[in-house]
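Here is how the chains run, residue by residue.
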There are 2 protein chains.
Amino acid sequence: MNNKPTIHDIAKALGIDSSTVSRALNDSPRVTRATKDKILAKAEELGYQRNMLASNLRKNITNTIGVVVPRISRHFFSSAIQGIEETAYLAGYNVIICQSLEQLEREKKIVGGLLANRVDGLLISVSMETMNYDHLEALKNSNIPLIFFDRHCDIPGFSNVLIDDFKGGYDATQHLISKGCKHIAHFSGPQELEIYKNRFEGYKAALKRNNLTFKEEYVISSRLMEQDGYISMRKLLAKKLPIDAVFCANDLSAIGAMKHTKELQIKIPDAIAFVGFSNEPVSSVIEPSLTTIDQSGFEIGKIASELMLKQILTKETPQKGQTILIDTHLIERNSSKK
Amino acid sequence: MNNKPTIHDIAKALGIDSSTVSRALNDSPRVTRATKDKILAKAEELGYQRNMLASNLRKNITNTIGVVVPRISRHFFSSAIQGIEETAYLAGYNVIICQSLEQLEREKKIVGGLLANRVDGLLISVSMETMNYDHLEALKNSNIPLIFFDRHCDIPGFSNVLIDDFKGGYDATQHLISKGCKHIAHFSGPQELEIYKNRFEGYKAALKRNNLTFKEEYVISSRLMEQDGYISMRKLLAKKLPIDAVFCANDLSAIGAMKHTKELQIKIPDAIAFVGFSNEPVSSVIEPSLTTIDQSGFEIGKIASELMLKQILTKETPQKGQTILIDTHLIERNSSKK
């Protein structure tokens, strides 16, 4: 494979410099017509094939934005990526995507790899394990802008584009209360993640606003996969507490919880009502359909991407960082329709 | 932000070369102990902070595999990526993902960008518009291996990891025939894509094997989004042909087709039975649940990734390219249960 003639072979055969050959093949004005002809004739004689790829490589300006998300398979993240791409593509930027699969070790490797690949900026939504921020704080000393979207770390100086999770949690809980529910449980995610902390705070605020007492035993935390929701529901029912509703911090765990509830022939929503969070496509299709909080992934992605392009193009990172909050809204479906 | 002292400030203050300062800070043996001490003292005096990031960049070996898919939001592709990552990660490789969104122009830009980012290998499933292969054939002259998975281009020399789409199409049609269906329509994708051509061929082969006549008017091609299935079903019914089943080349179009069928109060599966292709998660959840062909995305990804690592590590690309076919299997659900 490496027996193909190179520009060095042409240079050697003609007793001239490789850079002259390269210039001639690129039709540079710095080489005379006569020399060009001589070089082209020799190139043809030796069967030289121009490596278009290498030539493209040299010309190519990367113009790439790196995106790191926990999982591309989640509807919210694939929508956010769609929003990022739409905006970036119009500005002439490619988007490369990596998933941490909720693991800090992977996230570190990915961030290191993307920087080595010389992306122009980094948009990240951190993993559930990201409680150590060293790999992200390191970017402060670089000229590569970093912006968090959805799941962020509380590092001063970086900008964030976030869902108003507090309001989402508040609305979900308020909705259940308006349906007459008085014993509302909450399935939460890791409290180290701001988004789950804020949804939880919204839940507590709505209870308080309605003079309902918050009780710790009504809260179960997990990693919020479907199976976690199933297990959390079993744990919750085993407590033998009065319970008429569950607000789950995501749709998947709500689906798992409803599965267990249906298996026990407990009526949804009459005996126990459910509200999820995220509006995954499956939430409108399952039986009963799931009331949920819609968060526009596409809009978040679009805004985060616009902010990123601004930072890349002006080469200005705001000293203090800015935080943009995106509104949510509740979609009422059958899991809470009383 | 840019007032921080750099190695150039240290060099200037000491009247020595920046490269010597850099070497000293990297503890190079090429700088004497005395000079190192002098430089470190000056660095401290000026409040110099080493840019760990830049230093990491220099040391970092990329070890990256680029993956290009039409859409990350499709279950099949996100599963395939999962399979690719699992294998690549264990071998110490990062995976960066790009989506073409079914557009040839984007695919070209993405491939160019990934090569400029110097990935070690490229795994690609092409867009519906990819009928011109120039951007991929260019890789032949490079030493960056390219492997197709699922949707491939027929370019000699590259390897492919493919679903046995012919068998999948055959099994889907045979299943409907075994249920007593005799007038089976087919919703197909762009025929320039091998996968849809092969599913179509499988459909025709099963009809033939059962002495059923193939009729062109029973076939409608589209881009197979949910909306396309809805419209194709309307077109099909407008033809006033006898019809008792539809084999759709993907699940989304089957879901759209069933939606229209249900709106017209036509009984599924009694009047018209449906079979899809891909086993998207939603296909088990909709009413009635959809019979479909399961293609293990994870397995395809894993095998494609293993083949890629072999080519990267041995630096050997098989001259002729090899094609690995992955088996499919039918999952019977209510849309065809008679």
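As the structure is a prediction and not an experimental result, all values here were calculated from the model.

Brief notes about the interface of chain B and chain A
Piece 1. On the side of chain A, 44 residues touch chain B, which itself brings 44 residues to the contact.
Piece 2. At the junction of chain B with chain A, the criterion picks out two salt bridges.
Piece 3. As a salt-bridge pair, R106 of chain B and E85 of chain A come within 3.4 Å of each other at their nearest N and O atoms.
Piece 4. Run the count over chain B and chain A and you get six residue pairs in polar contact (both at pLDDT 80 or more).

Observations regarding the packing of helix α2 (residues 18–25) of chain A against helix α3 (residues 33–46) of chain A
Residues and elements named next belong to chain A.
Piece 1. Between α2 and α3, whose axes approach to 9 Å, the crossing angle comes to 95°. Overall, the two elements α2 and α3 adopt an arrangement that is roughly perpendicular. The segment α2 lies against α3, with T20, V21, A24 and L25 engaging T35, K36, I39 and L40.
Piece 2. Classifying every residue of the contact of α2 with α3 by side-chain character gives five nonpolar, two polar and one charged.

Points about the environment of T64 of chain A
Piece 1. Inspection of the secondary structure assignment puts T64 of chain A in strand β1 (residues 64–69).
Piece 2. With 54 residues separating them in the primary sequence, T64 of chain A and I10 of chain A have C-alpha atoms 36 Å apart.
Piece 3. When neighbours within four sequence positions are excluded, T64 of chain A is seen to be in contact with Y93, N94, I96, V119, D120 and G121 of chain A together with N117 of chain B.

Structural notes on the relation of the copies chain B and chain A
Piece 1. Turning chain B through 179° and shifting it by 0.1 Å along the axis lays it on chain A, with an RMSD of 0.6 Å. Here the symmetry operator amounts to a two-fold rotation axis.
Piece 2. A shared binding surface is used by both copies, with 98% of the interface residues of chain B retained as interface residues in chain A.

Observations concerning the domain arrangement of chain A
Often, the extent of an interface is quoted as the loss of accessible area upon association of its parts.
Piece 1. Domains assigned within chain A are domain 1 (7–50), domain 2 (64–163 + 297–326) and domain 3 (165–295 + 331–336).
Piece 2. For domain 1 of chain A versus domain 2 of chain A, the distance between C-alpha centres works out to 45 Å.

Reading guide: rules and limits
Residues numbered from 1 in each chain as written. Chains lettered and ligands numbered in written order. Predicted model: local features only at pLDDT ≥ 70, side-chain atom pairs only at ≥ 80, totals over all residues. Heavy atoms only, no water. Contact = heavy atoms within 4.5 Å. Salt bridge = Lys/Arg side-chain N within 4 Å of Asp/Glu carboxyl O. Polar contact = N/O pair within 3.5 Å; in protein donor to acceptor, adjacent residues only side chain to side chain. Axes fitted to C-alpha atoms, helices over the stretch in contact; angles between N-to-C directions. Helix = DSSP H or I, 4+ residues; strand = E, 2+ residues; numbered from the N terminus. Parallel < 35°, antiparallel > 145°, perpendicular 65-115°, else oblique. Nonpolar A, V, L, I, M, F, W, Y, C, P; charged D, E, K, R; others polar. Least-squares fit on C-alpha atoms with pLDDT ≥ 70 in both. Domains from an automatic or database assignment.

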